[in-house]
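Summary of the model geometry
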Amino acid sequence: MRHYFVAAALILNGLRTFAQQPIPHPGNISSFDYDSSIVHSNKMFSPLTSKDSAHYKRAKVLKSFIVPAALIGIGFWANYDGDGDKGDLFNKYAVRNERMEHFGTFHTSVDNYLLYVPIAAMYTMDALGYKGTHDAWNQTALLVKSEILMNVMVFSLKNITHEQRPDGSTYNSFPSGHTAQAFLSAELLRREFGKNYPGVAIGGYVVATAVGAMRILNNRHWVSDVVAGAGFGILSVNIAYLTHQNKWPLWKKKPENLSIMPYYNGSAGGVSAALRF
């Protein structure tokens, strides 16, 4: 019987000693540092948000097509029904006549170079350390995809429509390739830096609009060519962004098996946490 009393006394003494130990303060669990962008990029830890819904994705796709589809539609309408009849949006021949009357001797080659200025501005901002939506690798991937899409659409349509230029030189007027390239460049610059630097996005579109105006003033394109070209330039960028997976460069390793493991460090503060890879 005496052995039972001894065992009970030892157990009670151990419980009293444990009760006297300091309890770690739970507030310190939020004091550790971690890269929240990495944690939230891991699907295991990302909460379900409205951006994951099918409705949000459909709305995003629809929004990407509204403006370019409107420009392309107006361009087609003006090209095939822009002769001044009732109901025309605008008369492309009247615009050409105004050009001939007021800018008959106008000629410049600046538009051949100005169309690439927004792209140069994008890479310049990267070099200066300004943060865009993507890094330079992914920007280049988006640019290449956009260029391929734009060239396929524009030059295929040029051959199909076989429209004569206003100066009578060739039959590949519709749509304007220069304008498409300029608005592609401007839209890419806007998508990368427009959110944080809206002035840069506005500047890119001012340059693109100037290119379109010069194509008309140079008598190389009808106004319908320019409007449609702007739509195809914007559309190609929007399709590239909708289909982009942000995986460039392909050899770039990404963190795997990300988890947050709490541990007791033995101090009075007690509880900390660490990222395990």
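Residues numbered from 1 in each chain as written. Predicted model: local features only at pLDDT ≥ 70, side-chain atom pairs only at ≥ 80, totals over all residues. Heavy atoms only, no water.

Examining the UniProt feature "transmembrane region" (unreviewed entry) in the protein
Residues annotated in UniProt with the feature "transmembrane region" (unreviewed entry) correspond here to residues 61-80, 197-216 and 222-243. Helix makes up 91% of residues 222-243 and strand 0%, with an end-to-end C-alpha separation of 32 Å. (UniProt positions renumbered as here; feature names shortened; annotations may be inferred. Helix = DSSP H or I, 4+ residues; strand = E, 2+ residues; numbered from the N terminus.)

Here's the deal with helix 3 (residues 54-80)
Each α-helix turn comprises 3.6 residues. Residues three or four places apart therefore point the same way. With 27 residues, helix 3 ought to run about 39 Å at 1.5 Å a step, and its terminal C-alpha atoms sit 38 Å apart, in line with that. Within helix 3, the axis deviates most sharply at Ile-66, by approximately 30 degrees, and proline Pro-68 lies no more than four positions further along. Every buried residue of helix 3 is accounted for by Ser-64, Pro-68, Ile-72, Gly-75, Ala-78 and Asn-79. Looking at the packing, one finds that the buried side of helix 3 touches helix 4 (92-102) and helix 10 (223-242). (Expected span 1.5 Å × (residues − 1). Bend = angle between axes of the 7 residues up to and from the residue. Buried < 20%, exposed > 50% of the residue type's maximum accessible area, 1.4 Å probe, protein only. Contact = heavy atoms within 4.5 Å.)

Digging into unusual backbone geometry
Each neighbour pair has its own omega, and for Phe-174 with Pro-175 the value is -5 degrees, a cis peptide bond. Relative to the helices and strands, Pro-175 resides in the loop between helix 7 (136-161) and helix 8 (177-193). For Asn-219, which is not glycine, the phi dihedral falls at a positive 65 degrees. You can see Asn-219 is positioned in the loop between helix 9 (198-217) and helix 10.

Examining the nonpolar core
Residues Leu-188 and Phe-232 are the most contacted members of the largest nonpolar core, which totals 21 residues. Here this core takes six residues from helix 10, the largest share from any one element. Phe-232 has contacts with Ile-72, Met-150, Met-153, Val-154, Leu-157 and Pro-175, leaving out every residue within four places of it along the chain. Listed in part, the eight residues of the second largest apolar core include Leu-115, Phe-183, Ala-208 and Val-211. (Core = buried A, V, L, I, M, F, W, Y, C linked by side-chain atoms within 4.5 Å.)

Quick notes on the side chain of Ser-64
Counting through the fold element by element, Ser-64 comes out in helix 3. Given the relative accessible area of 10%, Ser-64 is considered buried. Those residues within four positions of Ser-64 in sequence are excluded, and the remaining contacts are Asn-238 and Leu-242.

Description of the packing of aromatic side chains
Where two aromatic rings form a pair, the distance of their centres and the angle of their planes describe that pair. Tallied over the full model, the rule gives six aromatic pairs. Between Phe-183 and Tyr-205, the ring centres sit 5.7 Å apart and the planes meet at 70 degrees, which makes this aromatic pair edge-to-face. Placement of Phe-183 in helix 8 and of Tyr-205 in helix 9 is noted, with a sequence separation of 22 residues between them. Here the aromatic rings of Phe-193 and Tyr-197 are separated by 6.3 Å at their centres, their planes lie at 45 degrees, and the arrangement is tilted. The class of Phe-193 is buried, set by a relative accessible area of 0%. (Phe/Tyr/Trp six-rings, centres within 6.5 Å; stacked < 30°, edge-to-face > 60°.)

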